[in-house]
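# Architecture and fold: a report
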Amino acid sequence: HATAYAMIAYQTGYLKANYPVEFMTALLTAEVSNKDKVPIAVDEAKSMRIVVLPPDINASQTAFSIEPDKQSLNGKAIRFGLSAIKNVGEAAIGTILAARAKTKFKSLTDFCERADQQKVNKKVLESLIQVGAFDAFGKRSSLMLGLEGIRQKAGANQREANSDQVSMFA
């Protein structure tokens with residue numbers, strides 16, 4: 001029993017020393033269900049001088065991922081995964097990735113129009129804005145202020161597109 005633990009400790013230490021970015025990415029992905037351990041693992045990655053990039057609606061995957069980064073020592077950085085964000089579930093992530101597969105999002109309005117409002121609700125959007133996933137589109141405070149109006153307009157457009165009824169001006 002002790003020999004098996006020693007072997008696992010040796011292998012873990014080897015991977016952490018020789019493949020630090022890959023090791024920390026795997027660790028963060030494994031701990032994603034435990035929201036208390038993610039910040040500890042992020043701090044550990046930063047202490048190892050690994051760049052941890054914030055969530056980005058146009059770059060983040062479901063899990064933590066490795067991206068090329070010119071500012072880091074070894075040319076690699078860890079991109080924060082969408083599944084680690086509080087209030088963002090699997091259904092919302094699937095909808096986001098499917099909508100992003102065609103083209104990247106150009107704005108918060110574009111995102112709200114293309115993502116299914118039933119799965120990506122207000123709570124999900126607020127969480128994404130608060131963690132900085134939409135920082136490329138403006139300041140968080142202004143995005144939060146305009147969110148309700150954008151959601152209402154996008155929801156009306158989605159309902160109209162899904163309706164079998166033709167409008168008088170169509």
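This text gives an overview of the structure that appears in the document. None of the values given here were measured: they were computed from a predicted structure. (Residues numbered from 1 in each chain as written. Predicted model: local features only at pLDDT ≥ 70, side-chain atom pairs only at ≥ 80, totals over all residues. Heavy atoms only, no water.)

Another point: the overall build of the protein. A tally of regular secondary structure across the protein gives 7 helices and 3 strands. Reading the helices (α) and strands (β) of the protein from amino to carboxyl end gives α-α-α-β-β-β-α-α-α-α. The C-alpha atoms of the protein give a radius of gyration of 20 Å, which is well past the 15 Å a tight globule of 170 residues would have. Overall, the C-alpha framework of the protein stretches about 75 × 35 × 25 Å when taken along its three principal axes. When burial is assessed residue by residue, the protein has 36% of its 170 residues classed as buried. In the protein, of all internal contacts separated by at least 6 residues, the share reaching a separation of at least 24 is 57%. Surface accessibility of the protein: about 10,400 Å² in total, with carbon and sulfur atoms responsible for 56%. Computed over 22 positive and 17 negative side-chain charges, the inter-centroid distance for the protein is 2 Å. (Helix = DSSP H or I, 4+ residues; strand = E, 2+ residues; numbered from the N terminus. Rg over C-alpha atoms; globule rule 2.2 N^0.38 Å. Buried < 20%, exposed > 50% of the residue type's maximum accessible area, 1.4 Å probe, protein only. Contact = heavy atoms within 4.5 Å. Areas by Shrake-Rupley, 256 points an atom, 1.4 Å probe, with all protein chains shown as cover. Lys, Arg positive; Asp, Glu negative; His and termini not counted. Charge placed at Lys NZ, Arg CZ, Asp CG, Glu CD.)

Before going further, it helps to examine the sheet that holds strand E2 (residues 65–68). The strand order E1-E3-E2 describes an open sheet built from 3 strands, whose pairing is mixed. Of all strands in the sheet, those bounded by a partner on one side alone are strand E1 (51–53) and E2. Adjacent strand axes in the sheet meet at a mean angle of 40 degrees when their direction is disregarded. Two strands pair when backbone bridges link them, and E1 and strand E3 (residues 76–79) are joined in this way by 3 bridges, in the parallel orientation. Across the sheet, the residue bridging to Val 51 is Ala 77, located in E3. Of the strands in this sheet, E2 and E3 are in contact with helix H2 (residues 20–30), which crosses E3 at around 5 degrees. (Pairing = 2+ DSSP bridges. Axes fitted to C-alpha atoms, helices over the stretch in contact; angles between N-to-C directions.)

Okay, the side chain of Asp 110 next. Position of Asp 110 among the secondary structure elements: in helix H5 (residues 108–114). A distance of 2.9 Å separates a polar atom in the side chain of Asp 110 from the backbone nitrogen of Lys 106. (Polar contact = N/O pair within 3.5 Å; in protein donor to acceptor, adjacent residues only side chain to side chain.)

It is at 9 Å that the axes of H2 and helix H3 (residues 37–47) come closest, and there the two elements cross at 170 degrees. With respect to H3, the axis of H2 lies roughly antiparallel. Judged by residue contacts, Met 24, Leu 27 and Leu 28 of H2 engage Val 38, Ala 41, Val 42, Glu 44 and Ala 45 from H3. (Parallel < 35°, antiparallel > 145°, perpendicular 65-115°, else oblique.)

The next thing to look at is the nonpolar core. The biggest cluster of nonpolar side chains holds 39 residues, and the ones touching the most others in it are Leu 108, Phe 111, Leu 128 and Phe 134. At the level of elements, H2, H3, helix H4 (90–102), H5, helix H6 (122–131) and helix H7 (140–162) are the ones that each hand at least two residues to this core. In this structure Phe 111 touches Ile 57, Ile 96, Phe 105, Val 120, Leu 125, Leu 128 and Phe 134, once residues within four positions along its chain are discounted. (Core = buried A, V, L, I, M, F, W, Y, C linked by side-chain atoms within 4.5 Å.)

Looking now at the pairing of E2. Along E2, the buried face is formed by Ser 65 and Glu 67; none of Ile 66 and Pro 68, which line the opposite face, is buried. The pairing of E2 with E3 spans 4 bridges and is antiparallel. Each residue of the ladder has a partner; that of Glu 67, found in E3, is Ala 77.

As far as function goes, none of this settles anything; it's purely spatial.
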